[in-house]
Amino acid sequence: MKKIELGITGEMISCMGLGTMYFGSKVDGQTSFQILDYYSEQGGSFLDSANKYASWIPGFQGGESELLIGKWLKQKANRNSMFISSKVGFSYREIPRSLKKEIIISECEKSLNRLGIETIDLYFAHAFDTETPIEETMNAFYQLKKEGKIRYAGASNFFAWQLSEANNAANLIGWDGFTCIQQRHTYLEPNLRANFGTQLLLTPEIQDFCNRKKLSLMAYSPLLGGAYVNNDRSIPVQYQSAVTEFRMEKLKEVADDLMVSRNAIVLAWMLQSSPPVIPLVTGSAVAQVEENLQALTIKLSDKHLELLNQDIIQPNKYSK
Ligand SMILES: NC(=O)c1ccc[n+]([C@@H]2O[C@H](COP(=O)([O-])OP(=O)(O)OC[C@H]3O[C@@H](n4cnc5c(N)ncnc54)[C@H](OP(=O)(O)O)[C@@H]3O)[C@@H](O)[C@H]2O)c1
């Protein structure tokens, strides 16, 4: 699997990360191991997790994904060839939503223990905290880096101005800022005023900001929970607009032309965007991940990209 640079760190990471949110909870241990094996056999090394995965699933408390990854790394003895990310900042168990220094430091320790590793390669602030001074948050990440407990820091679910404030605050004092942003992003255009709860989108504004500052872009939920390929799953209401049908037609046209699944086209479109977006890919069975990783073998032509990127060519489509 191709590698691309994380920000301007010099660190090369897989162009597609593996999302492990439901590993060890909704996706059982055996299947999770099979998916991890398959992804690493395809040359993938970037595993995305978080302290709270997957506390919202009945019967689970959070920490299951990290524990599962820890077991897999131990069994395969491959920690040194993998790039592990985790996150702090959302509530789970008795932990409140917060980016206070004491919470970042203590949650990092817990994540390290669950993962069974000494250093988290990429540690994310999972969501901006309006209650905590940003200097306090950035100081916590700086301290963790100085102590060797993390290697890089990333932001997730931030607005562009929040990311800018965070990195300015860090850089002014001589600390490292965030190297990347992880936001919700897919091929279909979201309604920017739709309610996504705590999830924030990879908007054109934040994309432009990151491009200028050379921060990497990562996309979560790129496959809309399987709605591109499962006819029994409807497109989430936040993505339904006058252009949805048109974009779905273009997606089908390109997928049919290349004889691959629509999921693979969505992911290939991200990989080929400029600069590239790193999708966090997942599935609940190896076959799904196999289908999605077809994206790695696809070369979208200029004509395909033109088709996928032309939002609308017949203005009367809007007036349906
Ligand atoms: N930073 C954040 O706030 C945040 C938020 C959400 C997620 N994430 C990260 O992003 C990763 C992906 O998120 P997500 O689960 O929401 O991703 P997604 O791409 O929107 O959905 C993945 C789901 O789509 C279905 N699917 C995938 N491939 C398929 C295929 N080939 N055929 C049929 N169905 C298929 C599966 O659903 P079934 O399980 O029903 O089969 C799979 O679990 C997570 O694991 C996590 O690492 C981060």
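Residues numbered from 1 in each chain as written. Predicted model: local features only at pLDDT ≥ 70, side-chain atom pairs only at ≥ 80, totals over all residues.

Draft legend 1. Layout of the sheet that holds strand E8 (residues 180-184). Read around the barrel, eight strands follow the order E3-E4-E5-E6-E7-E8-E9-E10 and close on themselves; strand pairing throughout is parallel. Taken over all neighbouring pairs, the strand axes of this sheet differ in orientation by 30° on average, direction set aside. Looking at chain direction, strand E3 (residues 17-19) and strand E10 (residues 277-281) are connected through two bridges and run parallel. Looking at the pairing, glycine 17 lines up with leucine 280 of E10. (Pairing = 2+ DSSP bridges. Helix = DSSP H or I, 4+ residues; strand = E, 2+ residues; numbered from the N terminus. Axes fitted to C-alpha atoms, helices over the stretch in contact; angles between N-to-C directions.)

Draft legend 2. Region of the structure containing the site of the ligand. Neighbouring the ligand are 25 residues, the closest being Gly19, Met21, Leu223, Gly226 and Ser284. Ranked by residues supplied to the shell around the ligand, first place goes to helix H9 (residues 286-293) with three residues. Here the residues of the shell around the ligand are counted per class, giving seven nonpolar, 16 polar and two charged. (Near = placed C-beta within 6 Å. Nonpolar A, V, L, I, M, F, W, Y, C, P; charged D, E, K, R; others polar.)

Draft legend 3. Up close: the packing of helix H2 (residues 64-76) against helix H3 (residues 101-115). Contact geometry for H2 and H3: axes closest at 7 Å, N-to-C directions at 40°. Taken together, the axes of H2 and H3 are oblique relative to one another. Contact residues: Glu66, Leu67, Ile69 and Gly70 in H2; Ser111, Arg114 and Leu115 in H3. By residue class, the composition of the contact of H2 with H3 is three nonpolar, two polar and two charged. (Parallel < 35°, antiparallel > 145°, perpendicular 65-115°, else oblique. Contact = placed C-beta atoms within 7 Å.)

Draft legend 4. Up close: the pairing of E10. Counting buried residues in E10 gives five out of five residues, a clear majority hidden from the surface. Every second residue of E10 is oriented toward a common face, with Val277, Pro279 and Val281 on one face and Ile278 and Leu280 on the other, all of them buried. For strand E9 (residues 216-220) and E10, the ladder comprises three bridges, and the chain directions are parallel. Bridge pairing in E10 links alanine 219 to proline 279. (Buried ≥ 20, exposed ≤ 12 C-beta atoms within 10 Å, placed from the backbone.)

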